[in-house]
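What follows is each chain in one-letter form.
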Amino acid sequence: MPTSRAYMEEKMAFYQKYQLKNGKIKWLVMYRDSLGKQYKKRGFRTKKEAQLYVANIKVERARGREINHNMTYREVYEEFFIGPYTASREESTVVRFTRDFRCYILPTLGDRPIKKITTAECQAAVMEWSKHRKNVAKLGQQAAMIFREALAQHLIYENPMANGLIKYPRVKPSHRPKSFTKSEFQTFIKALKSDYQTKLPRAFAFLWLLAFTGCRKSEVAALKWQDINLDDGYIYIHHSVTRNLQNGLKIGKTKTSSSVRHIPIDKQTIKVLSEWYTRQKQEMEILGLDFKNKKQLLFTNINGGLLTPSKPGKWMHQLEKDHNLPYVTPHGLRHTYGTLLLEAGTPITDVSKLLGHSNVATTMQVYIDLHPVTSHQAANTLAALAND
């Protein structure tokens, strides 16, 4: 016959299955801590899953690490996680990360005691987030980071969002073109010249530079005249416009170390930049702004500050609307640059370096599916072999 303590260990948990409104069967477990206080946890998919949860409690209790706090998910995020995370990341990364928590994760899970949050509850949260965010898997991964921290701090017995527990809805692929085809690009350049070269020279120079260098718009927005070598035909990319913790704009590091690069420019682009240099100097004098020569930003707002990130998109979309072009973003000009170079036979290693990718695999992954193969060259190659 078991001892009284062993008997109590066997009887420390009571399991019961129940049915949800949608007909699914779930399991709950009721158990007591070492002081006799009763707890209940729901949402287990099987009885075995509930039993494993109780087994973890027994192990932690034997180690003297019984969990009897009431910390919320938000408290774990604020007290244990966000400080170290912020200290080791770029400000722009922290801004995006905290925005996701502020807008999605904390409103859903923040006020719940973290030890009571179940996998079923997390699954429901993910499905709700998916109504508003395409890349909901990223939100799930971020939410799971707090549970991993709580586990490391012995604040929970298990991670309800551990690998494989959460099912993410499949994202439908977007059929919106990410870049221009060759003929569309030619139409875009003609429209750019006719509509903007004289009337909006700042927009003309900015979009031209995007189109003929493959730069990110944040990289172009950070360029100063000291980064432009008109004599030898190069631009030097080594900064990018990012955001600080207050969500303001600042000049910071490039996206990756591989993004620091020299990009050759053609004679027409040299001419465009040379004309913009003269025009910018005149415009700033009219506005009473100090032109800083080599240290002057190529593109600024009307007050001489950093250009608003949404501005290039507005310039582009107006051209697309007026000339019946497909919707392509300023970043799509970067994709167009890479795609057309590859189609023209430029070695993929060169294209990768020009785009600032860390390796060729990244270039292949991004550009291989941008446009369908419409040429009959591949089919005709095999047909020719059959006819020999």
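Attention here is on the structure that accompanies the text. (Residues numbered from 1 in each chain as written. Predicted model: local features only at pLDDT ≥ 70, side-chain atom pairs only at ≥ 80, totals over all residues. Heavy atoms only, no water.)

### Let's talk about the sheet that holds strand 1 (residues 13-19)
- Ordered by their spatial adjacency, three strands build an open sheet running 1-2-3, and the pairing between neighbours is antiparallel. Of all the strands in the sheet, just strand 1 and strand 3 (38-44) have a single pairing partner and so form its edges. Taken pair by pair, the neighbouring strands of this sheet meet at an average axis angle of 20°, ignoring direction.
- Here seven bridges tie strand 1 to strand 2 (residues 25-32), and the two strands are oriented antiparallel to one another. Within strand 2, the position partnered with Tyr15 by the bridge is Val29.
- In this fold helix 2 (residues 47-62) packs onto strand 1, strand 2 and strand 3, with an angle of close to 25° to the strand it touches most, strand 2. (Pairing = 2+ DSSP bridges. Helix = DSSP H or I, 4+ residues; strand = E, 2+ residues; numbered from the N terminus. Axes fitted to C-alpha atoms, helices over the stretch in contact; angles between N-to-C directions. Contact = heavy atoms within 4.5 Å.)

### Quick notes on the pattern of salt bridges
- On inspection of all chains with the given rule, the structure shows eleven salt bridges.
- With a shortest N-O distance of 2.9 Å, Glu219 and Arg261 are connected by a salt bridge. Placement of Glu219 in helix 9 (residues 217-221) and of Arg261 in strand 8 (residues 261-264) is noted, with a sequence separation of 42 residues between them.
- Overall, the relative accessible area of 6% leaves Arg261 in the buried class.
- When the shortest N-O distance is used, the salt bridge between Arg279 and Glu283 registers 3.3 Å. Of the two residues, Arg279 and Glu283 both sit in helix 10 (residues 267-286), four residues apart, roughly one turn of that helix.
- Judged by its relative accessible area of 28%, Glu283 falls in the partly exposed class.
- One connected set of salt bridges, linked through shared partners, spans Arg216, Glu219 and Arg261. (Salt bridge = Lys/Arg side-chain N within 4 Å of Asp/Glu carboxyl O. Buried < 20%, exposed > 50% of the residue type's maximum accessible area, 1.4 Å probe, protein only.)

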